[in-house]
Amino acid sequence: MNYVQISSLIFSQVGKSVMIDPQYYSLLFPLFDDIERFDTMTDSIRELTILQPDDWHIHLRDDLALSTTVPHAASSFNRVICMPNLVPPVKNAQDAIAYRARIMEQLAASDLSLERKSAFDPRMTLYLTDNTTAQDIELAAQSGIVQAVKLYPAGATTNSADGVTNINACVDVFEALEKYNLPLLIHGEVTQDHIDIFDREKRFLDEVLAQIIVKFPTLKIVVEHITTSDAADFVLSQGNHVAATITPQHLMFNRNHLLVGGIKPHFYCLPILKRESHQKVLLDVATSGNPKFFLGTDSAPHATDKKEAACGCAGCYSAATALPLYATAFDSIGKIDKLEGFASRFGAQFYGLPLNESTITLVNTPMQVPTDYPYFDGASLTPLMAGETLPWSIKA
């Protein structure tokens, strides 16, 4: 029995508390599309102050791109887990130290307040390759800035050509990760050409990740940007050492939004958006209060002309508006009160880090997402939901 089948829904209507029996939950789900699902919560909460959140999966890119991406991330988040798929990748502690220095240089040059600059803490990751050694892991653990190691199956996403081609050759590295308590962050898709793109996450769970967990039972693992009910159920079935991040786009959209009425390139990401049924399960687990699920935007900048192309790049850019996006998703089912755990507590707890002490306030006041941001070399950067109005915004 999966998570949705064992879930129950409690809601208030005209002053009466009603419990929906779990066996009827899936039958009632379609009806929610035709009613206001969120007026109970938004009627009672118009302003929400939460602990400053962290982003446990973000792409800042490098060099000139950092002048845009770093201020956007640092405006809302204290800690961010920086993805290592640069060109060339961040393969060892020395690379990580140099990359963090470039990030901090752009932070210092930004117009952010001193408070935000001092709070921002980019946490680094190593890019796992076929040539990564146990010594690389030891040095990363000793660096004080490397928080995790990222597994990209070769060819799975942007700049993943140097990714792992043979999981079985990573035994020494996985043992070292266990020894030094460094989490393994996983882009969970198989990459064989003959496997349907909508099936690649489930195939990875069944054929690859299950085997890793059996062989390395104490290895901390984050299944990143999960997109299916299969992934949610998989994470729920594992111990507390296995968790998952969820993006705003996978909570708010499904493949109909991407494909119906014309291809929408700014909804295209990897792993790709799935069926509405999967979207609903992700929203359910994200708002459940289960600490296995926490915020990871997977914000991934590509210049607008690279997205709006015959062969467009994969990635949704959400760093600057991530919190209003998540608030909108949570409030859509009356669960805005669950946002702080997902955004500000559960990730830090999984990584064994202290909770942030500062706070940020969201207000139920509409905001318009900018149509674009200036990017480097005269290019523009189009965010997720560009030009659209969100019901939640960050209080100035």
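Residues numbered from 1 in each chain as written. Predicted model: local features only at pLDDT ≥ 70, side-chain atom pairs only at ≥ 80, totals over all residues. Heavy atoms only, no water.

J.: Explanation requested: the overall build of the protein in the structure shown.
T.: A tally of helices and strands in the protein yields 16 helices and 17 strands. Buried residues in the protein amount to 55% of all 396 residues. Counting only contacts in the protein whose residues sit at least 6 apart along the sequence, the fraction spanning at least 24 positions is 72%. Carbon together with sulfur atoms contributes 51% to the accessible area of the protein, which is approximately 16800 Å² in total. (Helix = DSSP H or I, 4+ residues; strand = E, 2+ residues; numbered from the N terminus. Buried < 20%, exposed > 50% of the residue type's maximum accessible area, 1.4 Å probe, protein only. Contact = heavy atoms within 4.5 Å. Areas by Shrake-Rupley, 256 points an atom, 1.4 Å probe, with all protein chains shown as cover.)

J.: What exactly am I supposed to notice about the nonpolar core here?
T.: Soluble globular proteins tend to bury their nonpolar side chains together. Among the nonpolar cores identified, the biggest contains 100 residues, and Leu209 and Ile221 are the most heavily contacted of them. Element by element, the count of residues in this core is highest for helix α15 (residues 322-331), at seven residues. In this structure, Leu209 is in contact with Ile186, Phe204, Ile221, Val223 and Phe234, ignoring residues within four places of it in sequence. Counting residues in hydrophobic clusters, the runner-up holds 14 residues, among them Trp56, Met83, Ala348 and Phe350. (Core = buried A, V, L, I, M, F, W, Y, C linked by side-chain atoms within 4.5 Å.)

J.: Looking at this structure, I do not really get unusual backbone geometry. What am I missing?
T.: Negative phi values dominate among residues other than glycine, just as trans dominates among peptide bonds. Residue Pro88 is bonded to the preceding Val87 through a cis peptide linkage, with omega at 0°. With respect to the helices, strands and loops of the structure, Pro88 is situated in the loop between β5 (79-82) and α5 (93-109). Notably, Arg61 is not glycine yet its phi reads approximately 65°, a positive angle. Checked against the element boundaries, Arg61 lands in the loop between β4 (55-58) and α4 (66-74). A relative accessible area of 12% places Arg61 in the buried class.

J.: Just checking my understanding: could you explain the sheet that holds strand β10 (residues 242-246) for this structure?
T.: Paired through their backbone hydrogen bonds, the strands of a sheet run either parallel or antiparallel. Strand order in the open sheet formed by eight strands is β4-β5-β6-β7-β8-β9-β10-β11, and the pairing between neighbours is parallel. Looking at strand neighbours, the two that pair on one side only are β4 and β11 (293-295), the edges of this open sheet. Taken over all neighbouring pairs, the strand axes of this sheet differ in orientation by 30° on average, direction set aside. Relative to β11, β10 runs parallel, the two sharing three bridges. (Pairing = 2+ DSSP bridges. Axes fitted to C-alpha atoms, helices over the stretch in contact; angles between N-to-C directions.)

J.: Would you take a moment to explain the sheet that holds strand β12 (residues 359-363) for this structure?
T.: With antiparallel pairing, three strands are arranged side by side in an open sheet as β3-β12-β17. Edge positions in the sheet fall to β3 (47-51) and β17 (393-394), since each of these pairs with one other strand and no more. Lying on the sheet, helix α16 (residues 339-351) is in contact with β3 and β12; it crosses β3 at an angle near 25°.

J.: Looking at this model, I keep getting lost on the pattern of salt bridges. Mind explaining?
T.: Any two side chains of opposite charge can pair, on the condition that their charged atoms come close. Applying the stated criterion across every chain yields a total of ten salt bridges. For Asp121, the salt bridge goes to Arg123, with nearest N and O atoms at 3.6 Å. For Arg123, a relative accessible area of 13% puts it in the buried group. A salt bridge links Arg203 to Glu207; the nearest nitrogen and oxygen atoms lie 2.3 Å apart. With Arg203 and Glu207 both in helix α9 (residues 200-215) and four residues apart, this pair spans about one turn of that helix. Through salt bridges with shared partners, a single network forms among Arg100, Asp121 and Arg123. (Salt bridge = Lys/Arg side-chain N within 4 Å of Asp/Glu carboxyl O.)

J.: I tried to follow helix α10 (residues 229-237) on my own but got confused; where do I start?
T.: Those residues of α10 lying buried are Ser229, Ala231, Ala232, Phe234 and Val235. Buried residues along α10 sit in contact with α9, β9 (221-223), β10, α13 (276-286) and β11.

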